[in-house]
Amino acid sequence: LVVPLADALVSQACVLQELDLSGCGLSAADTPGFAAAVARSKLQTLTLGEWHMPVGPLRSGAETELTAGMLALSEAEGMVLSELLQSSTCGVVKVNLSRCNRPTAWLKAVSEGIGAGTVPLVELLADQLQHETEGVSVAKRLQPLLHAACSSLCLAHVDLRAQRGGPSSTSLFS
């Protein structure tokens, strides 16, 4: 299903604006080719789970805010988001992950995307994240995101306060 859908999305004849695949079980293994197709498609909105991904604004280069407060992101959604953030026209100026549940996929996608150096990020809000209780400390989870965010020459505000769950660590800079 994924390969024919990806092929259809990038065809000249495709005029699809919104696609909702929530509940279809798109796996991370299926995602790389699909993510590339979404980035080249005419889609404006893609839903793979809880979040309505603003594909059109992300792809257009217009100043865009990513807001995902209190939402979980699947690994597949994270891979699609990372692909879109790494596109040369991405205009994300604010990322708000505040109070996000299970933020691992969000952190990875946003870190990879803004780490590519094309995102003119001004503001990063990642306060009160509810981390899974895997053996990785909260500080270690946030380090790639903080490192990538600090590479943005436009960055003016970062909020990482009040992290919850997972083993604690005393410093993000250790």
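Rules behind the numbers
Residue numbers here run from 1 along each chain, matching the order of that chain's written sequence. Under the rules for a predicted model, residues below a pLDDT of 70 receive no local features and side-chain atom pairs below 80 are neither given nor counted, while totals for whole chains, interfaces and linings still include all residues. Excluding hydrogens and water, the side-chain figures rest on all heavy atoms present in the structure. Helix numbering and strand numbering both begin at the N terminus, where a helix is a DSSP run of H or I of at least 4 residues and a strand a DSSP run of E of at least 2. Atoms counted for the radius of gyration: C-alpha only. Globule rule: 2.2 Å times the number of residues to the power 0.38. Only protein chains enter the accessibility calculation, which uses a 1.4 Å probe. A residue is then buried if its area is under 20% of the maximum for its type, exposed if over 50%, and partly exposed in between. Note on contacts: a residue pair qualifies if any of its non-hydrogen atoms lie within 4.5 Å across the two residues. All accessibility values rest on the Shrake-Rupley procedure with a 1.4 Å probe; residue burial counts only the protein chains present in the view. We call two strands paired when DSSP finds no fewer than two bridges between them. In this analysis, axes come from line fits to C-alpha atoms, helices being fitted only over the stretch in contact, and the angle between any two N-to-C directions falls in the range 0 to 180 degrees. Note that the term roughly parallel is reserved for angles under 35 degrees, roughly antiparallel for angles over 145, roughly perpendicular for angles of 65 to 115, and oblique for everything else. The handedness criterion is simple: a crossing whose near helix is rotated anticlockwise from the far helix by less than a right angle is left-handed, and one whose near helix is rotated clockwise is right-handed. Three classes are used: nonpolar for Ala, Val, Leu, Ile, Met, Phe, Trp, Tyr, Cys and Pro, charged for Asp, Glu, Lys and Arg, and polar for all others, with Gly counted as polar.

Colleague: Could you clarify how one ought to interpret the overall build of the protein in this entry?
Modeller: Helices and strands together make up the secondary structure of the protein, namely six helices and seven strands. Mapped from its N terminus to its C terminus, the protein presents α and β elements in the order α-β-α-β-β-α-β-α-β-α-β-α-β. A globule of 174 residues ought to have a C-alpha radius of gyration of about 16 Å, and the protein, at 16 Å, matches this closely. Structurally, the protein occupies a C-alpha span of about 55 × 35 × 20 Å along its principal axes. Buried positions account for 45% of the 174 residues belonging to the protein. Put simply, 78% of the contacts in the protein that link residues at least 6 apart link residues at least 24 apart. Carbon and sulfur atoms provide 56% of the accessible area of the protein, an area that totals close to 8400 Å².

Colleague: Can you walk me through the sheet that holds strand 5 (residues 92-96) in this structure?
Modeller: Strand-to-strand pairing in sheets goes through backbone hydrogen bonds, with the strands running parallel or antiparallel. Strand order across the open sheet formed by four strands is 4-5-6-7, with parallel pairing between neighbours. The outermost strands of the open sheet, each flanked by one partner alone, are strand 4 (64-67) and strand 7 (157-159). Strand-to-strand twist across the sheet, computed as the mean angle between neighbouring axes with direction ignored, equals 10 degrees. In the sheet, strand 4 pairs with strand 5 via four bridges, with the strands oriented parallel. Bridged to Leu-66 within strand 5 is Val-95.

Colleague: Got a minute to help me understand the environment of Leu-46 in this structure?
Modeller: When you line up the elements, Leu-46 lands in strand 2 (residues 45-47). Residues Leu-46 and Gly-56 lie ten residues apart in sequence; the distance between their C-alpha atoms is 9.2 Å. Once you skip the residues sitting within four places of it in the chain, Leu-46 turns out to touch Leu-19, Phe-34, Val-38, Trp-51, His-52, Met-53, Val-55 and Val-80.

Colleague: When you look at the sheet that holds strand 2 in this model, what are you seeing that I'm missing?
Modeller: Spatially, three strands are ordered 1-2-3 in an open sheet, and the strand pairing comes out mixed. With partners counted over all chains shown, the strands left at the sheet margins are strand 1 (18-20) and strand 3 (52-53), one partner each. Note that strand 1 and strand 2 share three bridges and pair parallel. Bridge pairing links Glu-18 to Thr-45 in strand 2.

Colleague: What exactly am I supposed to notice about the packing of helix 2 (residues 31-40) against helix 4 (residues 75-85) here?
Modeller: When two helices pack together, their arrangement is given by the angle between their axes and by how far apart the axes lie. The interhelical angle for the contact between helix 2 and helix 4, taken along N-to-C directions, is 45 degrees, at an axis separation of 9 Å. Between helix 2 and helix 4, the angle falls in the class oblique. Between helix 2 and helix 4 lies a crossing of right-handed hand. Judged by residue contacts, Thr-31, Pro-32, Phe-34, Ala-35, Ala-36, Val-38 and Ala-39 of helix 2 engage Ala-76, Met-79, Val-80, Glu-83 and Leu-84 from helix 4. Here the contact of helix 2 with helix 4 is built from residues that sort into ten nonpolar, one polar and one charged.

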